[in-house]
Amino acid sequence: MPDVFVNYRTGDEESAAAMIDRELARRFGRGRIFFASASIEPGRRFPAELVDAVEECQALLAVIGPRWAEVHGSDGRPALESEQDWTRREIETALCRGVLVIPVLVGRATRIDPAVLPEDMRELADCQYKRFDHRNSESDLRALGDALARLLPELGEVDSDARAAQERAEEKSRKQTDGERGHTRMRTRDVKQRVRSGIGNLNGDLGTYISEPQGPVNTGRGHQYNAPHFEGDNTGVQYTAGDNSGTVHQRFERERRRSDDER
């Protein structure tokens with residue numbers, strides 16, 4: 001049986017009731033929503049179908065437009081005054097059962113005046129309502145659906161909008177994770193390439209490395225190893241990678257001998 005019964009009055013905002021029915025059926029499934037013109041199969045006895053549905057539902061939406069209390073029956077009297085009025089009977093049954101009853105005020109409709117209601121349904125005026133405006137139909141329908149999904153756990157479990165939102169969030173998370181992994185792989189490849197190319201920086205702390213240097217190399221202050229050793233402050237001395245037997249060291253050797261001769 002349906003979870004939500006959409007109650008409305010012929011001659012007052014049937015189009016709004018039909019929009020509400022279509023949206024809720026899309027979101028929660030056709031079988032979860034009862035709307036007389038869509039839910040009663042041809043040839044079925046509608047009085048019994050209406051009674052069964054309203055007695056089994058968990059919530060009733062009373063769609064109320066500006067003319068809801070003014071529509072007249074075939075006898076010329078306000079339809080609401082007749083005990084046989086189906087709109088009235090459905091609401092009274094739901095209130096008597098103690099199920100969730102939500103007035104949905106459409107357009108310019110205002111909060112119901114208890115004075116215009118039969119005694120058995122005056123409790124309707126105390127029920128907190130939702131609004132529906134054709135100009136804001138998308139947001140109003142979404143808010144109504146969200147409220148039902150929150151208030152009725154059975155509907156929340158079959159909420160297609162919530163499921164789609166979760167799938168989008170999971171897909172976004174997967175893409176973000178894949179992007180981070182791709183970035184990490186790119187950085188790893190970059191480091192490997194720099195190592196293969198023969199020059200790079202280790203953690204910013206250990207200095208610069210040069211792969212397979214051709215001759216002694218000194219990249220910082222202090223002594224140079226595997227090469228002639230010079231005492232004193234080496235600041236400004238140029239060391240050349242490669243074969244260090246060239247002119248730079250010969251010049252220093254000549255200067256050292258001249259100094260010894262002068263002594």
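Residues numbered from 1 in each chain as written. Predicted model: local features only at pLDDT ≥ 70, side-chain atom pairs only at ≥ 80, totals over all residues. Heavy atoms only, no water.

Undergrad: Is there a simple way to explain the packing of aromatic side chains in this structure?
TA: Each aromatic ring pair is specified by the distance between its two centres and by the angle formed by the two planes. Summed over all chains, the structure comprises three aromatic pairs. Where F46 meets W86, the ring centres are 6.1 Å apart and the plane angle is 65°; that geometry is what we call edge-to-face. Linking F46 in helix α3 (residues 46-56) with W86 in helix α4 (residues 86-97), this pair joins segments that are 40 residues apart in sequence. One Lys or Arg, R9, reaches over the ring of W68 and ends 5.7 Å from the middle of that ring. (Phe/Tyr/Trp six-rings, centres within 6.5 Å; stacked < 30°, edge-to-face > 60°. Helix = DSSP H or I, 4+ residues; strand = E, 2+ residues; numbered from the N terminus. Lys NZ or Arg CZ within 6 Å of the ring centre and 35° of its normal.)

Undergrad: What should I look at first to understand the layout of surface pockets in this one?
TA: In this approach the atoms are scanned with a rolling probe the size of a water molecule, which exposes any empty space left behind. The space that makes up the largest pocket amounts to roughly 330 Å³. In this structure, the largest pocket is lined by 18 residues; those nearest its centre are Y8, R9, T10, W86 and T87. Listed by contribution, the elements that provide at least two residues to the lining of the largest pocket are β1 (4-7), α3 and α4. Ranked by the residues each element gives to the lining of the largest pocket, the list is headed by α4, at three residues. When its residues are assigned to classes, the lining of the largest pocket shows 11 nonpolar, four polar and three charged. (1 Å grid on protein atoms, 1.4 Å probe; cavity = no way out; pocket = protein on both sides within 12 Å on 5 of 7 lines; lining within 4 Å. Points joined across faces, edges and corners; volume = space filled by probe spheres on them. Nonpolar A, V, L, I, M, F, W, Y, C, P; charged D, E, K, R; others polar.)

Undergrad: Any chance you could explain the pattern of salt bridges here in plain terms?
TA: Oppositely charged side chains may form a pair once their charged atoms are brought near each other. In total, this model carries 13 salt bridges according to the counting rule given. For D161, the salt bridge identified is with R27, shortest N-O distance 3.8 Å. One end of the pair, D161, is in helix α7 (residues 160-197); the other, R27, is in helix α1 (residues 14-28), and 134 residues separate them in sequence. In this structure R27 comes out as buried when scored by relative accessible area, which is 4%. In this structure, R88 engages E92 in a salt bridge whose closest nitrogen and oxygen atoms are separated by 2.9 Å. With a gap of four residues between them, R88 and E92 both fall in helix α4, about one helical turn apart. For the pair R88 and E92, a shared accessibility class is recorded, and that class is buried. Sharing partners across several salt bridges, the network here consists of E23, R26, R27, D146, D159 and D161. (Salt bridge = Lys/Arg side-chain N within 4 Å of Asp/Glu carboxyl O. Buried < 20%, exposed > 50% of the residue type's maximum accessible area, 1.4 Å probe, protein only.)

Undergrad: I tried to follow the sheet that holds β1 on my own but got confused; where do I start?
TA: Taking strand neighbours across the sheet as the criterion, the five strands line up as β2-β1-β3-β4-β5 in an open arrangement whose pairing is parallel. At either margin of the open sheet sits one strand with a lone partner, and together these are β2 (33-34) and β5 (130-132). Of the pairings in the sheet, the one linking strand β3 (residues 59-64) to strand β4 (residues 100-106) comprises six bridges and is parallel in character. Following the sheet pairing, A62 is matched in β4 by P103. Most of the contacts of α1 go to β3, to which it runs at about 150°, and overall it touches β1, β2, β3, β4 and β5. Contacts between helix α5 (residues 137-151) and the sheet are confined to β1, β3, β4 and β5, with β5 contributing the most and set at about 150° to the helix. (Pairing = 2+ DSSP bridges. Contact = heavy atoms within 4.5 Å. Axes fitted to C-alpha atoms, helices over the stretch in contact; angles between N-to-C directions.)

Undergrad: Could you clarify how one ought to interpret empty space enclosed by the protein in this entry?
TA: Overall, the coordinates contain one cavity of 30 Å³ or more when judged by the stated rule. Of the volumes computed, that of the largest cavity is approximately 30 Å³. For the largest cavity, the full set of lining residues is P103, L105, R111, I112, L124, A125, C127 and Y129. A class-by-class count of the residues in the lining of the largest cavity yields seven nonpolar, no polar and one charged.

Undergrad: Please clarify how α4 should be interpreted in this entry.
TA: In this model α4 runs 16 Å from its N-terminal to its C-terminal C-alpha over 12 residues, within 8% of the 16 Å that 1.5 Å per residue would give. All of the buried residues in α4 are T87, R88, E90, I91, E92, A94 and L95. Tucked into the core, α4 has its buried residues touching β1, α3, β3 and β4. Directly beyond the C-terminal end of α4, a positive phi value near 80° is found at G98. (Expected span 1.5 Å × (residues − 1).)

Undergrad: Please clarify how the packing of α1 against α5 should be interpreted in this entry.
TA: Packed helices, taken two at a time, are described by the angle between their axes plus the distance between the axes. In the contact formed by α1 and α5, the axes pass within 10 Å of each other and the chain directions differ by 55°. When the axes of α1 and α5 are compared, the pair comes out oblique. Seen along the crossing, α1 lies across α5 with a hand that is right-handed. In contact with M19, I20, E23, L24, R27 and F28 of α1, α5 contributes S137, L141, R142, L144, G145, D146, L148 and A149. (Parallel < 35°, antiparallel > 145°, perpendicular 65-115°, else oblique. Left-handed = near helix turned anticlockwise from the far one by under 90°.)

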